[in-house]
Amino acid sequence: MANFAFNINKGRGVELYNRVENNDPSTSALVLVPLSASGTEAQGQDLDDLAAVEADANFAERTTGSWVRKVLTDTELAAFPAPDDTNNRYAVAVPQTTWTTPAASNNTTGLLVCYDANTGAGTDSDIKPITHHDFAVTTDGNDVILNAGDFLWAT
Amino acid sequence: MNEYQVYPKDGGWHWKLVEAREGEEPANVVNSGKAVDEGGPFDEWKAAVADARDHRGDVREDIYRKGENGFEKVGVLVKERGPERVAIVREDGSLYGECDSALPNGPGQPIVMNISPVKVGNGAGSVE
């Protein structure tokens, strides 16, 4: 497992965040996808959409135990930030996100941050992964809270 | 699949969460705590238990106790999100015991996670 960016959205992640935040289009959103299996960067970075990730034997979405995808629209996302001129990078963040009481023994390995241009239609082929993050949760029935924090630094 | 076991100790009830392996008896103790014996201040829990039995979503885990014939189910574990307590309820709805100790991260206490940012680019001054 590793934190890595998918090739398909390298160089685009910050602007995709900006587009979601500005409702361009209004149906766009970032989508958090919990995984029950995560491959390596080498195994994952060439996968160009969520359907390809799902089809890859090294990756698997966690859909049991009340784990669900989280759709983050402009409502959930923080305002598009200014560039970080101190650290010379552009950072974009996910908001605090809660999964309610995932059942025990429904653990996760990773978390995808994806871009979906049209949350009202389409398939997993239309959802483009931006980043994969280590997200190893050993569930015990309590809520799982992802703290707000940067998921991408463009340098 | 982890299992909760409840057993008498020091005049009260203790529980422990053990790591179960398929086809084997539960082995490694993940966490444990003291449960309060019946006769304690259970009134509030009776309401919680009744509520839990009406809303099965509040019932989380089966409780097992090691007896002469191996592990036997004694009830279900009921967690309440507010008070940091858990109750153990028999199948008939009566209260078996109340745990005042925490589950691995405390009953009702969320698992808090962070993710690390992914750096894209090769700019000077970037920090990983």
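Residues numbered from 1 in each chain as written. Chains lettered and ligands numbered in written order. Predicted model: local features only at pLDDT ≥ 70, side-chain atom pairs only at ≥ 80, totals over all residues. Heavy atoms only, no water.

(A) How the structure looks around the packing of aromatic side chains. Residues and elements named next belong to chain A. Taken as a whole, this structure holds six aromatic pairs over all chains when the rule is applied. A ring pair is formed by Phe4 and Phe6, whose centres lie 5.0 Å apart and whose planes are at 55°; its orientation type is tilted. Residues Phe80 and Tyr90 carry aromatic rings whose centres are separated by 5.2 Å and whose planes lie at 25° to one another, so their mutual orientation is stacked. Taken together, the positions of Phe80 in the loop between strand E4 (70-72) and strand E5 (90-94) and Tyr90 in strand E5 put the pair 10 residues apart, joining distant regions of the chain. A relative accessible area of 27% means that Phe80 is categorised as partly exposed. Within the aromatic cluster, the residues linked to one another by ring pairs are Tyr17, Phe80 and Tyr90. Directly above the aromatic system of Trp153 lies the positively charged group of Arg89, at a separation of 3.5 Å from the ring centroid. (Phe/Tyr/Trp six-rings, centres within 6.5 Å; stacked < 30°, edge-to-face > 60°. Helix = DSSP H or I, 4+ residues; strand = E, 2+ residues; numbered from the N terminus. Buried < 20%, exposed > 50% of the residue type's maximum accessible area, 1.4 Å probe, protein only. Lys NZ or Arg CZ within 6 Å of the ring centre and 35° of its normal.)

(B) Structural context of the confidence of the model for chain A. The pLDDT averaged across chain A works out to 93; a share of 99% of its residues lies at or above 70. Mean pLDDT values over the elements of chain A span from 91, in strand E9 (residues 144-146) of chain A, up to 97, in helix H1 (residues 13-21) of chain A. (pLDDT = per-residue confidence, 0-100.)

(C) Layout of the pairing of strand E2 (residues 29-37) of chain A. Residues and elements named next belong to chain A. Within E2, seven of the nine residues are buried, which leaves the element mostly enclosed by the surrounding structure. For E2 and strand E7 (residues 108-116), the ladder comprises seven bridges, and the chain directions are antiparallel. Residue pairing for E7: Ala29 is matched across the bridge by Asp116. Of the strand pairs in this sheet, E2 and E4 are connected by three bridges, and their pairing is antiparallel. Across the sheet, residue Leu30 finds its bridge partner in E4, namely Leu72. For E2 and strand E3 (residues 60-61), the ladder comprises two bridges, and the chain directions are antiparallel. Counted as the bridge partner of Ala37 is Ala60 from E3. (Pairing = 2+ DSSP bridges.)

(D) Structural context of unusual backbone geometry. Residue and element names in this part refer to chain A. For the bond from Asp24 to Pro25, the omega torsion is 0°, close enough to zero to count as cis. Along the chain, the position of Pro25 falls in the loop between H1 and E2. Although it is not a glycine, Asn88 adopts a positive phi angle of roughly 55°. Structurally, the position occupied by Asn88 is in the loop between E4 and E5. Unusually for a residue other than glycine, Thr101 sits at a positive phi of about 45°. Here Thr101 is to be found in the loop between strand E6 (97-99) and E7. On the accessibility criterion, Thr101 (16% relative accessible area) is buried.

(E) Up close: H1 of chain A. All names here are of chain A. Here H1 lies mainly inside the structure; seven of its nine residues are buried. Every buried residue of H1 is accounted for by Gly13, Val14, Leu16, Tyr17, Asn18, Val20 and Glu21. In this structure, the buried side of H1 is in contact with E2, E4, E5, E7, strand E8 (127-137) and strand E10 (149-154). (Contact = heavy atoms within 4.5 Å.)

(F) Local environment of the environment of Leu146 of chain A. Positionally, Leu146 of chain A belongs in strand E9. For Leu146 of chain A and Thr97 of chain A, which are 49 residues apart along the polypeptide, the C-alpha to C-alpha distance reads 5.1 Å. In this view, Leu146 of chain A contacts Leu32, Val94, Pro95, Gln96, Thr97, Trp99, Leu111 and Phe135 of chain A together with Met113, Asn114 and Ile115 of chain B; residues no more than four positions away in its chain are not counted.

(G) Just the nonpolar core, in detail. All names here are of chain A. In terms of nonpolar packing, the biggest core is built from 28 residues, with Leu30, Leu32, Trp99, Phe135, Val144, Leu146 and Phe151 touching the most fellow members. Of the residues forming this core, the biggest block, four residues, is contributed by H1. Not counting residues within four places of it along the chain, the set of residues in contact with Leu32 comprises Val68, Arg69, Lys70, Leu72, Val94, Thr97, Trp99, Leu111, Leu112, Val113 and Leu146. One finds Phe6, Leu47, Leu50 and Cys114 within the second-largest nonpolar core, a separate group that totals 12 residues. (Core = buried A, V, L, I, M, F, W, Y, C linked by side-chain atoms within 4.5 Å.)

(H) How the structure looks around the pairing of E7 of chain A. All names here are of chain A. Summarising burial for E7: nine of the nine residues are buried, a large majority. The sheet contact formed by E7 and E8 spans eight bridges and is antiparallel. Each residue of the ladder has a partner; that of Cys114, found in E8, is Pro129.

(I) View of the confidence of the model for chain B. All names here are of chain B. Taken residue by residue, chain B gives an average pLDDT of 53. The fraction at 70 or more is 10%. Within chain B, strand E9 (residues 118-120) carries the highest mean pLDDT (89), whereas helix H1 (residues 43-54) carries the lowest (41). Taken together, the stretch residues 21-60 has pLDDT below 50 and engages in 92 contacts with residues farther than four places along the chain or on a different chain. Interface confidence for the predicted complex, given as ipTM, is 0.89, next to a pTM of 0.64.

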